[in-house]
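Read off the chains here:
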Amino acid sequence: MPGRGVGRTVEEASPFLRRKLIEVALPLDAINEAAAHEKMPGIGAHPRGLHQWWARRPLSAARAVLFAQLVDDPADWPERFPTKTEQNAERERLFGILRKLVQWKNTTDEGVLEAARAEIRESWRRNRAESAQGEELPPFFDPFAGGGAIPLEAQRLGLAARAADLNPVAVLITKTMIEIPPRFAGTPPVNPDWQQRSGQQTTPRSFPGASGLAADVRFYGAWMRDEARRRLGHLYPEARISPELLQGRPDLARYAGATAKGPGKERGTEGGRELPVIAWLWARTVKSPNPAFAEVEVPLVSSFLLSSKKKGKQAWVEPEVSGREYRFEVRTGSPPETETVKRGTKLGRGANFRCLVSGVPIPPEYIKAEGKAGRLGVRLMAVVAAGDRERVYLPPTPEHEAAALRARPAWKPHGEVPPRLTGGTCVPYGMKEWGDLFTERQLAALTTFSDLVAEARVRMREDALAASLTEDGLPLREGGSGPRAYADAVSVYLAFALDRCADFSNSCTRWVPGNQKVMNLFGKQAIPMTWDFPEAAILHDTVGGFAPATRFIADCLALLPSKPSVGTAEQRDAAAPPSPEDRIVSTDPPYYDNVAYADLSDFFYVWLRRTLRPVFPELFATLATPKDEELVAAPHRHGGRTGTEAFFLDGMRRALERLAEQAHPAFPVTLYYAFKQAETKGEGATVRTGWETFLEAVIGAGFSITGTWPIRTEQKHRMVGMGTNALASSVVLACRRRPAGTAPATRRQFAAALRRELPEALAPLRRAHIAPVDLAQAAIGPGMAIFTRTPQVLEAGGRPVAVGEALAQINEVLGETLSELTGEYDAETRWAAEWYEQYGFGTGEYGEAETLSKARNTSVSGLVEAGIVRSGGGRVRLLRPEELGESRERGEAWAPEGEGRLTGWRVAHELVRVREQGEVAAGRLLRRLTGRVEGVRELLYGLHAAAERRGRAGEAFAYDALVRSWPEIERLARENPREPKPLL
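Residues numbered from 1 in each chain as written. Predicted model: local features only at pLDDT ≥ 70, side-chain atom pairs only at ≥ 80, totals over all residues. Heavy atoms only, no water.

**Student:** Honestly, the overall build of the protein in this entry has me stumped. Any pointers?
**Tutor:** Across its full length, the protein holds 30 helices and 29 strands. The long-range share in the protein, meaning contacts at least 24 apart out of those at least 6 apart in sequence, stands at 73%. Entry remark: accessible area of the protein is about 39,900 Å², with carbon and sulfur atoms responsible for 50%. (Helix = DSSP H or I, 4+ residues; strand = E, 2+ residues; numbered from the N terminus. Contact = heavy atoms within 4.5 Å. Areas by Shrake-Rupley, 256 points an atom, 1.4 Å probe, with all protein chains shown as cover.)

Structure, rendered in structure tokens:
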């Protein structure tokens with residue numbers, strides 16, 4: 001029986017060790033393309049929109065990993081698929097299911113999902129038939145649930161999903177995705193508006209999944225907004241376009257006459273027209289450091305540009321200084337090419353500013369000292385209103401500034417803002433507590449909405465009783481499903497809307513002139529200081545408004561599984577003693593020191609605790625999220641860098657040991673890890689990475705690594721637009737528990753096994769169209785499977801081989817394997833591959849070229865005749881792909897059909913050249929090359945590896961791009977009906 005288990009042949013292994021698809025091959029390009037697409041802006045509602053969380057995995061990637069983790073690879077079922085041809089065909093069929101499964105448009109397609117579930121059930125049926133297991137699939141478990149993407153997709157694939165996290169914000173997010181919706185699946189809305197309309201319908205309407213919950217989130221969110229307007233409307237005046245303002249602004253002429261009336265439209269008053277405000281733009285101020293102007297509050301502005309979207313129709317703020325005073329005016333048209341417009345009052349890229357009145361520099365130390373003394377102020381710089389399908393920019397008025405300053409909030413959140421964040425923090429400028437991040441008006445609004453969640457909860461329970469929802473008296477936290485629990489459930493989503501507003505309604509947000517809207521605080525994993533900031537109109541239907549937030553959250557709810565399995569989420573330390581239950585495990589552990597989850601999530605925790613503590617008192621029992629137990633490498637918590645690494649390695653190893661005890665032996669465990677890591681110094685002069693530290697923890701926990709897959713989660717346009725071979729942003733590891741009782745191996749045995757087994761393991765990876773740039777990372781899987789078969793690999797002197805040394809040896813054997821691929825080609829191609837390794841497309845000595853050609857049974861003249869080399873003046877060089885077109889007679893197109901001596905090198909580089917014109921053109925050429933492309937893809941892998949080794953990034957990118965496009969080029973070559981039949 002061919003094939004291998006983990007470190008043993010299949011004959012020696014338990015049936016539980018039959019390999020899964022993820023341990024052999026994946027259609028990685030399809031998964032990566034879907035993951036990148038999911039990150040693109042403009043795809044609309046997404047379950048991640050329920051609440052902010054950091055470093056979430058794309059749903060498509062999580063779905064693909066779980067499917068491949070649960071479905072058997074055909075090579076380990078030789079009684080059904082006895083030949084490699086049959087195994088490859090069956091694997092390709094499974095890939096077809098996977099390619100459909102990962103597409104964003106199929107996220108809620110029950111037909112596609114059921115096809116995937118059927119394959120999972122069939123694989124389990126075969127496994128349990130041999131192992132006397134129960135009929136039901138084992139439950140799924142994620143001990144580091146975070147934003148809940150992985151348990152959500154496990155639930156979507158039909159598994160009972162169980163999730164845990166130490167962070168209460170993460171636990172609540174996961175509850176809203178996998179626990180609450182199943183409990184109320186199919187429940188119609190309880191709001192009186194729906195009840196009245198449903199009483200008039202002759203045919204009852206069904207509410208699949210969470211659509212009933214979503215309808216009530218919209219209704220009670222709108223009620224809360226209307227009630228907040230009644231209480232706070234005096235603090236949010238609308239913008240008035242007075243006759244005086246029209247005199248200097250021809251762009252406002254359309255608002256001088258009568259206009260349409262109604263919600264969101266302009267209204268007429270005796271003093272002019274009124275427009276709803278989108279945002280107020282503020283500048284922080286500081287006393288001038290010039291003693292002669294000490295009483296002047298000067299603005300600190302990064303840029304005066306308001307709109308840059310339409311050339312000639314831009315808008316900007318123009319400060320006008322008169323003596324010791326200044327005022328802000330708004331101009332439109334084409335801004336002057338001055339640094340003042342682009343840079344505001346900044347002097348350079350640093351935090352240095354200049355005094356607008358006296359012109360003296362304002363050093364950052366002065367600003368920090370004033371901030372810590374509580375002397376930073378604010379001044380209104382401009383008002384942004386909603387006009388007739390456009391933004392209308394207006395100058396500040398005393399009425400608008402006074403309205404904002406009248407606010408007196410009833411509550412202010414306490415708790416420390418994290419003073420250490422990789423991407424920056426506002427703490428050095430005196431913003432030490434969470435309440436310091438908000439203006440008084442923002443605090444008044446957010447506190448009011450927090451209070452209204454409690455009022456809405458009372459109304460919802462009454463409405464649910466009136467709607468005849470059966471009362472069981474139990475709250476949501478105790479498993480209730482009656483009116484009380486239902487009101488609790490809807491109030492959680494309304495509290496999430498409040499958190500979404502808090503992300504947009506604080507003084508560390510940004511106004512972006514390009515898209516002319518407010519950008520939220522957490523665009524990255526930091527809380528940076530901002531100098532000029534927008535204040536969103538939280539009461540209006542605009543970005544940052546409460547009603548749009550509730551509608552968006554309701555739309556996100558609709559994308560949760562319509563027929564979900566049971567799900568539970570609990571607050572739990574991953575290193576706590578596990579339950580004895582066998583579980584399917586996939587998880588996304590913390591990434592060494594990448595994200596300070598607990599520090600960042602306190603921003604939301606303080607609002608959630610105030611709003612939802614009656615609903616989840618145990619979850620919000622503490623004043624802040626747990627931090628000392630959080631498994632991240634934070635030097636300030638653990639006595640410096642050395643103590644930090646020890647804490648992380650020990651904690652991760654213990655957590656993975658617990659995880660291994662819970663994992664079902666029939667399935668590999670899958671672990672995600674961020675591959676881009678900042679290097680950190682370990683003991684002595686050794687430079688270590690978080691990646692190596694994580695691998696050590698995995699191996700130390702008793703796992704053998706059986707697969708590594710680079711998952712690209714960057715936006716598609718970034719990867720291509722950069723024109724470089726971007727690394728994967730995360731790596732998925734497939735792991736098995738290492739059999740007990742295995743003896744250590746020697747380094748010589750490890751190296752011999754690598755050279756014997758790695759080439760065979762790479763073959764299915766290449767057949768699966770894995771991109772060359774990803775091959776090195778994917779090769780770590782079979783390489784580390786060999787390294788981790790035994791508890792240790794020892795040097796001759798008894799010293800254990802380190803993970804970093806093993807990785808280096810795997811890369812060395814990978815390079816040897818790819819270089820050997822060229823040995824199967826024609827003599828000219830073998831010569832060109834060796835010459836390229838040394839010189840690339842540069843020149844070398846004729847004598848050296850001739851000597852190498854004799855060894856390869858060819859000649860320099862023969863290479864010139866083959867059209868791949870240029871020779872002259874005692875020098876020789878390979879023709880670049882773009883030069884191949886110049887090497888033929890003027891006006892004569894290259895005709896491969898007429899080439900009697902067509903080399904693999906020429907074919908590969910003609911395809912590289914033509915692909916620059918597009919995949920359609922490459923498909924046409926490939927169609928004409930039928931019968932002459934054997935082995936070209938393998939050649940491209942070897943050339944990519946050589947280019948990477950030599951630091952030729954542009955050439956490596958070109959080879960990688962052609963391999964990535966190969967499946968599509970092949971399809972176009974087969975299916976293009978406009979092309980003549982192949983001549984060969």
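**Student:** Is there a simple way to think about the sheet that holds strand β20 (residues 669-673) in this case?
**Tutor:** The strands that make up a sheet pair up through hydrogen bonds in the backbone, lying either parallel or antiparallel. One open sheet accounts for seven strands, arranged β18-β2-β1-β19-β20-β24-β23; its pairing is mixed. A strand with exactly one partner marks an edge of an open sheet, and here the two such strands are β18 (567-571) and β23 (703-711). Across the sheet, the mean angle separating the axes of adjacent strands is 20° when strand polarity is ignored. By the bridge criterion, five bridges tie β20 to strand β24 (residues 730-737) in an arrangement that is antiparallel. Residue pairing in the sheet places Leu671 in a bridge with Leu733 of β24. (Pairing = 2+ DSSP bridges. Axes fitted to C-alpha atoms, helices over the stretch in contact; angles between N-to-C directions.)

**Student:** Looking at this structure, how should I read the pairing of strand β9 (residues 314-322)?
**Tutor:** For a regular strand, the rule is simple: side chains alternate between the two faces of the sheet. Across two bridges, the pairing between strand β8 (residues 305-307) and β9 is antiparallel. Across the sheet, Leu305 pairs through a bridge with Trp316, a residue of β9. Count of turn residues in the β8/β9 antiparallel hairpin: six residues, of which Gly312 carries a positive phi of about 85°. Sheet topology note: the β9/strand β10 (residues 325-333) ladder contains nine bridges and is antiparallel. For Gln314, the partnering residue across the bridge sits in β10 and is Gly333. Linking two consecutive strands that pair antiparallel, namely β9 and β10, is a turn of two residues; a positive phi of about 65° is found at Gly323 within it.

**Student:** Looking at this structure, I do not really get the sheet that holds β8. What am I missing?
**Tutor:** With antiparallel pairing, three strands are arranged side by side in an open sheet as β8-β9-β10. In this open sheet, the two strands that pair with only one neighbour each are β8 and β10. Geometrically, the sheet is characterised by an average inter-axis angle of 30° between neighbouring strands, direction not taken into account.

**Student:** Even after reading the chapter, I still don't get the packing of helix α5 (residues 149-156) against helix α6 (residues 168-183), so can you show me in this structure?
**Tutor:** Helix packing geometry: the angle between the two helix axes and the distance between the axes. Where α5 meets α6, the closest approach of the two axes is 8 Å, and the angle between their N-to-C directions is 30°. By the angle class used here, α5 and α6 are roughly parallel. Here α5 runs over α6; the crossing is left-handed. On α6, the residues that touch Pro151, Leu152 and Gln155 of α5 are Thr174, Met177, Ile178 and Pro182. Across the contact of α5 with α6, the residue classes break down as five nonpolar, two polar and no charged. (Parallel < 35°, antiparallel > 145°, perpendicular 65-115°, else oblique. Left-handed = near helix turned anticlockwise from the far one by under 90°. Nonpolar A, V, L, I, M, F, W, Y, C, P; charged D, E, K, R; others polar.)

**Student:** In this structure, what is going on with the pattern of salt bridges? I would like to understand it.
**Tutor:** Side-chain pairs of opposite charge can arise where the charged atoms are in close proximity. For the structure shown, the criterion picks out 64 salt bridges. A salt bridge links Arg125 to Glu122, with the nearest nitrogen and oxygen atoms 2.6 Å apart. Of the two residues, Arg125 and Glu122 both sit in helix α4 (residues 110-131), three residues apart, roughly one turn of that helix. Under the relative-accessibility criterion, Arg125 is labelled partly exposed at 39%. Between Glu757 and Arg756 there is a salt bridge, with the nearest N and O atoms lying 3.4 Å from each other. (Salt bridge = Lys/Arg side-chain N within 4 Å of Asp/Glu carboxyl O. Buried < 20%, exposed > 50% of the residue type's maximum accessible area, 1.4 Å probe, protein only.)

**Student:** Looking at this model, I keep getting lost on the packing of aromatic side chains. Mind explaining?
**Tutor:** Aromatic ring pairs: the centre-centre distance and the angle between the two ring planes describe each pair. By the definition in use, this model includes 30 aromatic pairs. Between Phe219 and Tyr220, the ring centres sit 5.0 Å apart and the planes meet at 85°, which makes this aromatic pair edge-to-face. For Phe219, a relative accessible area of 27% gives the class partly exposed. A ring pair is formed by Tyr326 and Phe328, whose centres lie 5.5 Å apart and whose planes are at 65°; its orientation type is edge-to-face. Accessibility assignment for this pair places Tyr326 and Phe328 in one class, buried. One aromatic cluster is present, formed by Trp53, Trp54, Trp411, Trp434, Phe438, Phe522, Tyr597, Phe603, Phe604 and Trp607 through successive ring pairs. The ring of Trp280 carries the charged tip of Arg441 above its face, separated from the ring centre by 4.2 Å. (Phe/Tyr/Trp six-rings, centres within 6.5 Å; stacked < 30°, edge-to-face > 60°. Lys NZ or Arg CZ within 6 Å of the ring centre and 35° of its normal.)

**Student:** What am I meant to see in unusual backbone geometry here?
**Tutor:** Most peptide bonds are trans, and most residues other than glycine sit at a negative phi. Positive phi is not limited to glycine here, since Ala55 has a value of about 60°. Of note, Ala55 is situated in the loop between α1 (28-39) and α2 (59-70). Here Asn857, not a glycine, exhibits a phi torsion of approximately 60°, which is positive. Tracing the backbone through its elements, the reader meets Asn857 in the loop between α24 (846-855) and α25 (860-865).

**Student:** Looking at this structure, how should I read the nonpolar core?
**Tutor:** One broad trend across soluble globular proteins is that nonpolar side chains are buried collectively. Among the nonpolar cores identified, the biggest contains 284 residues, and Leu213, Leu437, Ile527 and Trp831 are the most heavily contacted of them. Each residue touching Leu213, except ones within four places of it in the same chain, is listed here: Ile180, Pro181, Phe184, Thr187, Tyr486, Ala489, Val490, Tyr493 and Leu557. (Core = buried A, V, L, I, M, F, W, Y, C linked by side-chain atoms within 4.5 Å.)

**Student:** Would you take a moment to explain helix α14 (residues 483-504) for this structure?
**Tutor:** Note on helix geometry: an α-helix contains 3.6 residues per turn, so any two residues three or four positions apart are oriented the same way. Taking 1.5 Å per residue, 22 residues should reach 32 Å; α14 reaches 32 Å between its end C-alpha atoms and fits that length. The buried count for α14 comes to 20 of 22 residues, which makes it a mostly enclosed element. (Expected span 1.5 Å × (residues − 1).)

**Student:** Please explain the packing of α6 against α14 as it appears in this structure.
**Tutor:** Taken N-terminus to C-terminus, the directions of α6 and α14 make an angle of 145°; their axes are 11 Å apart at the nearest point. The chirality of how α6 crosses α14 is left-handed. Between α6 and α14, the residues in contact are Leu172, Ile173, Thr176, Ile180 and Pro181 and Ala489, Val492, Tyr493 and Phe496, respectively. Across the contact of α6 with α14, the residue classes tally to eight nonpolar, one polar and no charged.

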